[in-house]
Amino acid sequence: MPMTRITLRQGYSDAALGQISDVLHQTLVDEFAVPAADRFQIIEMLPDVQRSFDRHYLSGTRSADFMLFHIVAGKPRTSEQKQNFYRVLSERLHVLLGINPDDVMVVIQFNTAQEWSFSRGDMYQPVG
């Protein structure tokens, strides 16, 4: 049940945003054990003045194309799942959209079922 906020620069076309969204979702399904119907994303494009980041911190060289994927997930994943997710997401974005892997940052936060209400003000209660 991850929810992802994707923050990137202004100027992407609707088609490119759709591709970024699809790449993220397919990678979550393939590498993060997320059900195919579990898709919750917010994409925000911000002007440069509203995005401040170090172009070299723990990376090669970030460009103005820097994008952040902030994922909140309810079920912990193994280190191997996380590493595979990071790698595959970066590879797919590079191959399909030409996005430099240095421009892809991912932050994952985990919480419990009690921190989720999907609708009607009901606390999420996992089955089983």
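- As recorded by an unreviewed UniProt entry, the chain carries the name Tautomerase family protein and is attributed to Ewingella americana.

Observations regarding the environment of Val29
- By the element assignment, Val29 lies in helix α1 (residues 14–32).
- The contacts of Val29, once residues within four sequence positions are left out, are Val34, Pro35 and Ala36.

Here we look at the packing of aromatic side chains
- Counted under the stated rule, the structure contains six aromatic pairs.
- Here a set of aromatic residues connected by ring pairs shows up, and it is made of Phe40, Trp116, Phe118 and Tyr124.
- Cation over ring: Arg9 sits above Tyr12, and NZ or CZ is 4.2 Å from the ring centre.

Describing the pairing of strand β3 (residues 67–73)
- Most of β3 sits out of view: five of its seven residues are buried.
- Pairing analysis gives five bridges linking strand β1 (residues 3–9) to β3, with the strands arranged antiparallel. In the strand pairing of β3, Ile6 is matched with Phe69.
- In this structure, β3 lies alongside strand β4 (residues 104–110), joined through seven bridges in parallel fashion. Bridge pairing in β4 links His70 to Val107.
- The handedness of the β3 to β4 crossover, carried by helix α2 (residues 79–97), is right-handed.

Structural notes on the nonpolar core
- Ranked by internal contacts, the top residues of the largest apolar core, which has 21 residues, are Ile20, Met67, Phe69, Leu89 and Leu93.
- Looking at this core, the elements with two or more residues in it are β1, α1, β3, α2 and β4.

So, the environment of Gly74
- Mapped onto the fold, Gly74 is located in the loop between β3 and α2.
- Note on Gly74: relative accessible area 13%, which makes it buried.
- A C-alpha to C-alpha distance of 22 Å links Gly74 and Ile20, two positions 54 residues apart in sequence.
- Setting aside residues up to four positions removed in sequence, Gly74 forms contacts with Met1, Asn111, Thr112 and Trp116.

Overview of the side chain of Asp38
- Tracing the chain through its elements places Asp38 in the loop between α1 and β2 (41–46).
- The buried charged residue Asp38 lacks any salt bridge, with Arg77 as its nearest oppositely charged partner at 6.6 Å.
- Once residues within four sequence positions are removed from consideration, Asp38 is found in contact with Met1, Pro2 and His25.

Rules used throughout
Residues numbered from 1 in each chain as written. Predicted model: local features only at pLDDT ≥ 70, side-chain atom pairs only at ≥ 80, totals over all residues. Heavy atoms only, no water. Helix = DSSP H or I, 4+ residues; strand = E, 2+ residues; numbered from the N terminus. Contact = heavy atoms within 4.5 Å. Phe/Tyr/Trp six-rings, centres within 6.5 Å; stacked < 30°, edge-to-face > 60°. Lys NZ or Arg CZ within 6 Å of the ring centre and 35° of its normal. Buried < 20%, exposed > 50% of the residue type's maximum accessible area, 1.4 Å probe, protein only. Pairing = 2+ DSSP bridges. Right-handed = clockwise from strand over helix to strand, strands pointing away. Core = buried A, V, L, I, M, F, W, Y, C linked by side-chain atoms within 4.5 Å. Lys, Arg positive; Asp, Glu negative; His and termini not counted. Salt bridge = Lys/Arg side-chain N within 4 Å of Asp/Glu carboxyl O.

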